[in-house]
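Understanding the architecture of this molecule
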Amino acid sequence: RQVMLSTGLKAPMGLKIYGPDLESIEKAGLQLEKVMRDIPEINRASVYYDRASGAPYIEIKLDREKLSRYGIQMGDVQSILSTAIGGMSEGNTVEGRERFPIRVRYARELRNAPDLLSHILIPAMDGTQIPLSQVADIRFSRGATMINSENTFLVGYITFDKAGSLAEVDVVNEVKRAVDENIKQGKVVLPKGVSYSFTGTYEQRSEERRVG
């Protein structure tokens, strides 16, 4: 926990990759992960790039033209979907000293698949109930599992640990030299706008040495 608070990582050493978008960061991260696994000063099994993409999402794309045809407001549809899928708080129930929130939403068997969501009814201006499938495109898509940012930049992480008895400072210096050399030789091509920096508990120890 102390390591995470000081470095933001779940490992004693790591590489932070900064970039303009998640695709660029992932492209650089996968290349650097491969290079770092071949560095003898690093425990090969400990090298891991924290993938930011690949999570499945259900994407509901509303058709503004069809909505206007039925006289339906975009905000009204979003409110209905939010209530039907996520639920809306309608108050609290008091049972002795305990209080429980009351949430209203569709039953699980009516919202646990895309084809079921397509049957959610949207009220038109004249009171007609329109199925969601007539005013929206519902499909699966892949997106980010988590989006991290630091100093106004999106950031990805590669964590690693040392092999042997070398000091962490020496290990990081060797890894930096190897990474810089691979970039110089063109074996690693960083996308435009991508940069990286090392971090870890070694920073505190090197600071202690300077103070001492």
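Each remark here, short or long, concerns the structure printed above.
Throughout what follows, the structure given in this document is the object of discussion. (Residues numbered from 1 in each chain as written. Predicted model: local features only at pLDDT ≥ 70, side-chain atom pairs only at ≥ 80, totals over all residues. Heavy atoms only, no water.)

1. Observations concerning the nonpolar core
The tendency in soluble globular proteins is for nonpolar side chains to be buried side by side. Note the threshold: Among the buried residues, those of types Ala, Val, Leu, Ile, Met, Phe, Trp, Tyr and Cys that are joined through side-chain atoms within 4.5 Å form a nonpolar core. Only protein chains enter the calculation, and the probe is 1.4 Å; a residue is then buried if its accessible area is under 20% of its type maximum, exposed if over 50%, and partly exposed in between. By the criteria applied, helices consist of DSSP H or I runs no shorter than four residues and strands consist of E runs no shorter than two, each listed in order from the N terminus. Whether two residues touch is decided by their heavy atoms; if any such pair falls within 4.5 Å, the residues are in contact.
Residues I17, M36, I42, I158, F160 and V175 are the most contacted members of the largest nonpolar core, which totals 22 residues. Breaking this core down by element, the ones donating at least two residues are β1 (13-19), α2 (22-36), β10 (153-160) and α6 (168-184). Every residue in contact with I42, bar those within four places of it in the chain, is listed here: M36, V47, F160, D161, K162, A163, V171 and V175. Grouped together as the second largest cluster of nonpolar side chains are 16 residues, M74, L81, L117 and I138 included.

2. Here's the deal with the environment of G193
Looking at the element boundaries, G193 is found in the loop between α6 and β11 (195-200). The sequence separation of G193 and Y18 amounts to 175 residues, and the corresponding C-alpha distance is 8.0 Å. Apart from residues lying up to four places away in sequence, G193 is in contact with Y18, G19 and P20.

3. Focus: the pattern of salt bridges
Our working rule: Salt-bridge detection follows one rule: a side-chain nitrogen of Lys or Arg within 4 Å of a carboxyl oxygen of Asp or Glu.
Throughout the structure, instances matching the rule amount to 9 salt bridges. When the shortest N-O distance is used, the salt bridge between D38 and R44 registers 3.1 Å. Taking the shortest distance from any N to any O, the salt bridge between K176 and D180 comes out at 3.0 Å. With K176 and D180 both in helix α6, this residue pair falls 4 residues apart, about one helical turn. Classification of K176 as partly exposed rests on a relative accessible area of 40%. On the accessibility criterion, D180 (31% relative accessible area) is partly exposed. Via salt bridges that share partners, E33, R37 and R51 belong to a single interconnected network.

4. Description of unusual backbone geometry
In this structure, N151 is a non-glycine residue whose phi angle is positive, near 55°. For N151, the location among the structural elements is in the loop between β9 (149-150) and β10. Relative accessible area serves as the criterion here: at 60%, N151 is assigned to the exposed category. Despite not being glycine, T152 has its phi angle at roughly 70°, a positive value.

5. Section: the environment of V169
Position of V169 relative to the elements: it lies in helix α6. Look at V169 and you get buried, because its relative accessible area is 17%. Residues V169 and G200, 31 residues apart in the sequence, show an inter-C-alpha distance of 9.3 Å.

6. Thoughts on α6
The test is simple: Expected span of a helix, by definition, is 1.5 Å for each gap between consecutive residues, and there is one gap fewer than residues.
For α6, built from 17 residues, the straight-helix expectation of 24 Å at 1.5 Å per residue is met to within 8% by its first-to-last C-alpha distance of 24 Å. By the burial criterion, the buried members of α6 are E168, V169, V171, V172, V175, A178, V179 and N182. At the C-terminal side of α6, G186 shows a positive phi close to 85°.

7. Section: α2
As a reminder of what qualifies: Contacts described as polar in this section are N or O atom pairs within 3.5 Å, which, within protein, must combine one atom able to donate a hydrogen with one able to accept it, while residues neighboring in sequence count only if both atoms come from side chains.
The end-to-end C-alpha distance of α2 is 20 Å, a good match for the 21 Å that 15 residues give at a rise of 1.5 Å each. The set of residues buried in α2 consists of S24, I25, E26, A28, G29, L32, E33, V35 and M36. At the N-terminal end of α2, a side-chain oxygen is found 3.3 Å from the backbone nitrogen of E23, two or three residues along, and the residue is D21.

8. Some words on the pairing of β1
Using the following cut-off: Here a strand pair is declared whenever DSSP counts at least two bridges between the two strands.
Where burial is concerned, most of β1 is hidden: 7 out of the 7 residues are buried. Of the two faces of β1, the one carrying M13, L15, I17 and G19 and the one carrying G14, K16 and Y18 are both buried. Sheet topology places β1 next to β10; 7 bridges connect them, and they run antiparallel. Each residue of the ladder has a partner; that of M13, found in β10, is F160. Pairing analysis gives 6 bridges linking β1 to β11, with the strands arranged antiparallel. Each bridged residue has a counterpart across the sheet, and for K16 the counterpart in β11 is S197.

9. With respect to the packing of aromatic side chains
Here is the rule we go by: Classification of ring pairs rests on two measures: the distance between centres of Phe, Tyr or Trp rings, Trp counted by its six-membered ring, which must be within 6.5 Å, and the angle between planes, read as stacked under 30 degrees, edge-to-face over 60 and tilted in between.
A complete count under the given rule lists 3 aromatic pairs for this structure. Consider the rings of Y18 and F153, whose centres lie 6.5 Å apart with planes at 70°: the pair is edge-to-face. Of the two residues, Y18 is situated in strand β1 and F153 in strand β10; the sequence distance between them amounts to 135 residues. The class of Y18 is buried, set by a relative accessible area of 12%. Centroid distance Y196 to F198: 6.2 Å. Interplanar angle 90°. Geometry classified as edge-to-face. Judged by its relative accessible area of 21%, Y196 is partly exposed.

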